[in-house]
Every structure is written in C-alpha cells, then in structure tokens.
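# A look at the structure
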Amino acid sequence: MTCEMKVLIVEDNDRVRQMIRVFLRGLAGEMVECADGSEALSVYRQHRPDWVLMDIKMARVDGLTATREIKAAFPKAKIVIVTNFDDEAMREAAREAGAVGLVAKDNLLDLPPSCIED
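These lines cover the structure that appears in this document, whether it is placed above or below. If you're wondering where the values come from, they're calculated on a predicted model, not measured in any experiment. (Residues numbered from 1 in each chain as written. Predicted model: local features only at pLDDT ≥ 70, side-chain atom pairs only at ≥ 80, totals over all residues. Heavy atoms only, no water.)

## Brief notes about the sheet that holds strand E5 (residues 101-104)
Definition in use: We call two strands paired when DSSP finds no fewer than two bridges between them. Numbering goes from the N terminus for both helices and strands, where a helix is a DSSP run of H or I of at least four residues and a strand is a run of E of at least two. To get an axis, fit a line to the C-alpha atoms, keeping to the stretch in contact for a helix; angles then go from 0 to 180 degrees between the N-to-C directions. A contact between two residues is defined here by any heavy atoms of the two lying within 4.5 Å.
Strand order in the open sheet made by the five strands is E2-E1-E3-E4-E5, with parallel pairing throughout. Of all strands in the sheet, those bounded by a partner on one side alone are strand E2 (30-34) and E5. Strand-to-strand twist of the sheet, defined as the mean angle between neighbouring strand axes without regard to direction, takes the value 20°. One ladder, built from five bridges, connects strand E1 (residues 6-10) with E2; its direction is parallel. When the sheet's bridge partners are listed, lysine 6 is paired in E2 with glutamate 30. On the sheet, helix H3 (residues 63-73) packs against strand E3 (51-54) and strand E4 (79-83) and is oriented at approximately 175° with respect to E4.

Everything listed is a geometric property; what it means functionally is a separate question.
Rendered as structure tokens:
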C-alpha cells in the first residue's frame, strides 16, 4: 500500500538514487530528486516534500550546507542524512545542520518507518 507521502532525494550518484527509489517504493506516494545540494532548496520550495533524504558529499554544495539552507527557509522541514560517513562527528554535524537523523547508505533498511512516516 502506497501512502501519500512526498520524499525529496538529494543524491549525486544515479545508482544510489535508484536504490533509494526502490527502497521507498510502497512507502512514498511521490518522489522527487535532484543531483546536488545546490538544487535542493529550490526543489524543496517547488515540491514541499514531507521528508528529504540528503547525501553529504556532493560536487557543488554539500548536504550539510543544503540542509542548513532548507532549514533556514523551512524550519519544520524533516531531513535525514544518507551517507557513507557514519561516525559520531558526522552525526553531530548532521544534528547541528538541522537533520533529524543520519543513516549509512549500506544500512538503508535500518531507517525506521517512524523516520519516514509522520
């Protein structure tokens, strides 16, 4: 059963975006994507997703910067960092940027449903 939730995927790797789309199939009613943090705020503004899954390392604007930009404009935005860099320093940086959580890309199945459901 697909819900009406809308998710924005911000990820520079096409294959990882595809993997996240497959993972979210059945959980999200609509998925929108962008390939760099430089596009994240404008895509968020246009689509107003319920959740954002944000990569950290991207070419032009990194995910922490993009998270801060979205949170500054939309304080209630719910952003989960999805990264290869899962350590306590990164978790703290994600929290400071305004993310509600962090999950390692190889542990996407660990993302609890409560993190992507209201």
